[in-house]
Amino acid sequence: MADARRGWWLGLLLVVTVWGAPGRSPKWLEDLDDPEYRRDGSEYSVDIRMPDVSPEKHDTYLCYKVPLDQKEPSYIVGFEPKVEDHAAHHILLYGCEVPGSADKDLWNCGEMSGSTIHPTCQQGAQILYAWAMDAPKLQLPKDVGFKIGGNTDVKYLVLQVHYNDVTKFKGGATDESGVGLRVTDTPQKYMAGVYLLGVGAGAIPAHSTANLDTACLYRDEPVLHPFAFRVHAHKLGAVVSGYRVRQDKWTLIGKKSPQRPQMFYPVSDKTLTIKNGDILAARCSYKSKLDHTVRIGATGTDEMCNFYIMYYTTSRRPLEQNMCFRAGFHWEGALQNIPEEADYP
């Protein structure tokens, strides 16, 4: 059975991750320490790549979908970027319940948050992995995996690639950038997920030092255990910081310059948890020497502000909310005891 399903994966060449499905009995939770839920050596590799695309316009976003086996689930336990000649500006891997295009496997999906006509996902969008700036491969902790397919809400994997500069394609070149997955059919003890904090609109004035903030109240029931974080901004980004705020006490999740490889870095506090009632907050600090204002947007000349939290949990169901985007929000107007070091590398 495992060999047959492995062939199915390799034949489709896809990449995605999905959440564990609800409906398990309490007995299943009691058996988490059983050897059945410990990773064995039955991992295999799957490459999910763009199908020889040749984008014609700068700042093109292309999405490629692959349907998942809905009979049996699989578990993604590692990611390796497959980027050709620096063609891709950044790569995102989504799990979708309903993909953005019903009739095409490949489509133009606009900016990262999707467009009204051709979004990345029509329903049930979950970010599983993100890459930029020469980030290396990522191996998840032991007994942790993204559950996909089967009876989960992730029915498709959708690979999104942003092509910032398409000069190399003018002569007829094509691209097969994507992500390599390490996959197992062995159930994992903990389910992995990604929570994204971002700024949906904002501006960095000319010749300035500026901050853009976001924050949301975590209202879900599963207790999250962050184990990695990733930051994303463009050329003006100096530092991106993420915090958990509990009873006005700030605990750092992670802080990094977006000018370094935009990989998932380990969370230093291994005891950190996120519970119902906590506030998740992120700040992007920018330094501009330009003569014009730069706004948040989808192109390479715009800016972005994203802070990704990768976590594990014993919960077998997806979060009700896995993204937090704000516009025109400032920490100083809503939060107390803001750390002074949040603005500095």
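Nothing here was measured: the structure is a model prediction, and the numbers come from that model.

## With respect to the overall build of the chain
- When its secondary structure is counted, the chain shows two helices and 23 strands.
- Expressed as a percentage of its 345 residues, the buried residues of the chain come to 54%.
- As presented, the chain carries roughly 15200 Å² of accessible surface, and 49% of it is formed by carbon and sulfur atoms.

## Structural notes on the sheet that holds strand β17 (residues 237-246)
- Sheet architecture is open: four strands sit in the order β15-β20-β17-β18, paired in antiparallel fashion. The open sheet is flanked by β15 (208-217) and β18 (249-256), the only strands paired with a single partner. Between one strand and the next, the sheet's axes are offset by a mean angle of 20°, whatever the strand orientation.
- Both β17 and β18 contribute to a ladder of seven bridges, which runs antiparallel. Opposite V245, over in β18, you have W250 as the bridge partner.

## Here's the deal with the state of the cysteines
- Per the stated rule, a full pass over the model turns up four disulfides.
- A disulfide bridge connects C63 with C109, and the sulfur atoms are separated by 2.2 Å. Residues C63 and C109 are joined through a disulfide that is right-handed, its torsion about the S-S bond being 85°. Of the two residues, C63 sits in strand β2 (residues 60-67) while C109 sits in the loop between β6 (106-108) and β7 (121-123), which places them 46 residues apart along the sequence.
- You can call C63 buried: its relative accessible area is 0%.
- Counting only the cysteines that form disulfides, in the order they appear in the chain, gives the pairing 1-3, 2-4, 5-8, 6-7.

## Side note on the packing of aromatic side chains
- Overall, the coordinates contain 12 aromatic pairs when judged by the stated rule.
- Ring centres of F79 and F146 lie 5.8 Å apart, and the angle between their planes is 75°; on these two criteria the pair is classed as edge-to-face. Of the two residues, F79 is situated in strand β3 (residues 73-82) and F146 in strand β10 (residues 144-149); the sequence distance between them amounts to 67 residues. Side by side, F79 and F146 carry an identical accessibility label, which is buried.
- Ring geometry for Y163 versus F169: centroids 5.7 Å apart, planes at 85°, classification edge-to-face.

## Some points on the sheet that holds β2
- Taken together, five strands build an open sheet; the order of strands is β6-β2-β11-β4-β8 and the sheet is antiparallel. Every interior strand has two partners, whereas the edge strands, β6 and β8 (126-132), have only one. Taking the axes of each pair of neighbouring strands and ignoring which way they run, one obtains an average angle of 20° across the sheet.
- The pairing of β2 with β6 spans three bridges and is antiparallel. The residue of β6 that forms the bridge with L62 is N108.

## Here we look at the nonpolar core
- Ranked by internal contacts, the top residues of the largest apolar core, which has 56 residues, are F79, L140, F146, Y163, L181 and M310.
- L280, I296, Y311 and L319 belong to the second largest nonpolar core, which has 31 residues in total.

## Observations regarding the environment of T209
- By secondary structure assignment, the location of T209 is in strand β15.
- When its relative accessible area of 63% is taken as the criterion, T209 is described as exposed.
- Along the backbone, T209 and S288 are 79 residues apart, and their C-alpha atoms lie at a distance of 6.4 Å.
- Sequence-distant contacts of T209, defined by excluding residues within four places in its chain, comprise Y286 and K287.

## What about unusual backbone geometry?
- Within the chain, D59 stands out as a residue other than glycine whose phi angle is a positive 60°.
- One can find D59 in the loop between β1 (43-49) and β2.
- For D59, a relative accessible area of 21% translates into the label partly exposed.

## Things to note about the pattern of salt bridges
- Taken as a whole and judged by the stated rule, the model has nine salt bridges.
- Residue D213 is joined to R283 by a salt bridge in which the shortest nitrogen-to-oxygen separation is 2.7 Å. Here D213 is found in strand β15, whereas its partner R283 is found in strand β20 (residues 279-288), with 70 residues between them in sequence. Taken individually, D213 and R283 each receive the classification buried, so the pair is uniform in this respect.
- Taking the shortest distance from any N to any O, the salt bridge between R246 and D278 comes out at 2.8 Å. Taken together, the residues span a long stretch of sequence, with R246 in strand β17 and D278 in the loop between β19 (265-266) and β20 at a distance of 32 residues.
- In this structure D278 comes out as buried when scored by relative accessible area, which is 3%.

## Let's talk about the environment of F325
- Looking at the secondary structure, you find F325 in strand β23 (residues 323-327).
- A sequence separation of 19 residues divides F325 from N306, and the C-alpha atoms of the two residues are 9.1 Å apart.

Rules behind the numbers
Residues numbered from 1 in each chain as written. Predicted model: local features only at pLDDT ≥ 70, side-chain atom pairs only at ≥ 80, totals over all residues. Heavy atoms only, no water. Helix = DSSP H or I, 4+ residues; strand = E, 2+ residues; numbered from the N terminus. Buried < 20%, exposed > 50% of the residue type's maximum accessible area, 1.4 Å probe, protein only. Areas by Shrake-Rupley, 256 points an atom, 1.4 Å probe, with all protein chains shown as cover. Pairing = 2+ DSSP bridges. Axes fitted to C-alpha atoms, helices over the stretch in contact; angles between N-to-C directions. Disulfide = S-S within 2.5 Å. Phe/Tyr/Trp six-rings, centres within 6.5 Å; stacked < 30°, edge-to-face > 60°. Core = buried A, V, L, I, M, F, W, Y, C linked by side-chain atoms within 4.5 Å. Contact = heavy atoms within 4.5 Å. Salt bridge = Lys/Arg side-chain N within 4 Å of Asp/Glu carboxyl O.

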